[in-house]
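Each chain, written out:
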Amino acid sequence: MNIIKHKDALKKIGYGVSADQVINSRGDVIGQCDPYGGFICDVKEIMDIVCPPKKVKPTTEPKKKKYVRARDEEGHFVADDPETLDINEAWKEVK
């Protein structure tokens, strides 16, 4: 991760930047790059600059299909045909 590109924004809030570390005015290391390309820091305002939170789109749950027992012309339940394994004739979808 390249934190040098965030140097100006971090300087505005009082932090300095070295090659892979964020330091405060006393020289204490506040955050640093980890060996896997991430960034480790406990200060939220620094994390919001270096690793801004991703916007999450609200998801809509798909509508659940409603099923009722299938009936023949006389009103009796229809049995499932064991010959057709991929289709269940005993149930039909309600729209």
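Coordinates for the structure precede this section.
Residues numbered from 1 in each chain as written. Predicted model: local features only at pLDDT ≥ 70, side-chain atom pairs only at ≥ 80, totals over all residues. Heavy atoms only, no water.

A. Fine view of the overall build of the protein chain. Looking only at helices and strands, the protein chain has 2 helices and 6 strands in total. Along its sequence from the N terminus, the protein chain presents helices and strands in the succession α-β-β-β-β-α-β-β. For 95 residues, the compact-globule formula gives about 12 Å, and the C-alpha radius of gyration of the protein chain, at 30 Å, lies well above that figure. Its C-alpha atoms give the protein chain principal-axis dimensions of roughly 85 × 25 × 20 Å. Expressed as a percentage of the 95 residues in the protein chain, the buried residues total 16%. Considering only contacts within the protein chain whose residues lie at least 6 apart along the sequence, 29% involve residues at least 24 apart. Working note: accessible area of the protein chain is about 8,300 Å², and carbon and sulfur atoms make up 53% of it. Of the charged side chains in the protein chain, 17 are positive and 17 negative; the average position of the first set lies 12 Å away from that of the second. (Helix = DSSP H or I, 4+ residues; strand = E, 2+ residues; numbered from the N terminus. Rg over C-alpha atoms; globule rule 2.2 N^0.38 Å. Buried < 20%, exposed > 50% of the residue type's maximum accessible area, 1.4 Å probe, protein only. Contact = heavy atoms within 4.5 Å. Areas by Shrake-Rupley, 256 points an atom, 1.4 Å probe, with all protein chains shown as cover. Lys, Arg positive; Asp, Glu negative; His and termini not counted. Charge placed at Lys NZ, Arg CZ, Asp CG, Glu CD.)

B. Seen up close, the side chain of His6. Mapped onto the elements of the fold, His6 is located in the segment before α1 (7-12). With residues up to four places along the chain from it excluded, the contact list for His6 reads Ile49 and Val50.

C. Highlighting the sheet that holds strand β1 (residues 16-17). With antiparallel pairing, the 4 strands of this open sheet are ordered in space as β1-β2-β3-β4. Among the strands making up the open sheet, the edge pair consists of β1 and β4 (39-41). Relative to strand β3 (residues 29-33), strand β2 (residues 21-23) runs antiparallel, the two sharing 3 bridges. Looking across to β3, one finds that Val22 is bridged to Gly31. (Pairing = 2+ DSSP bridges.)

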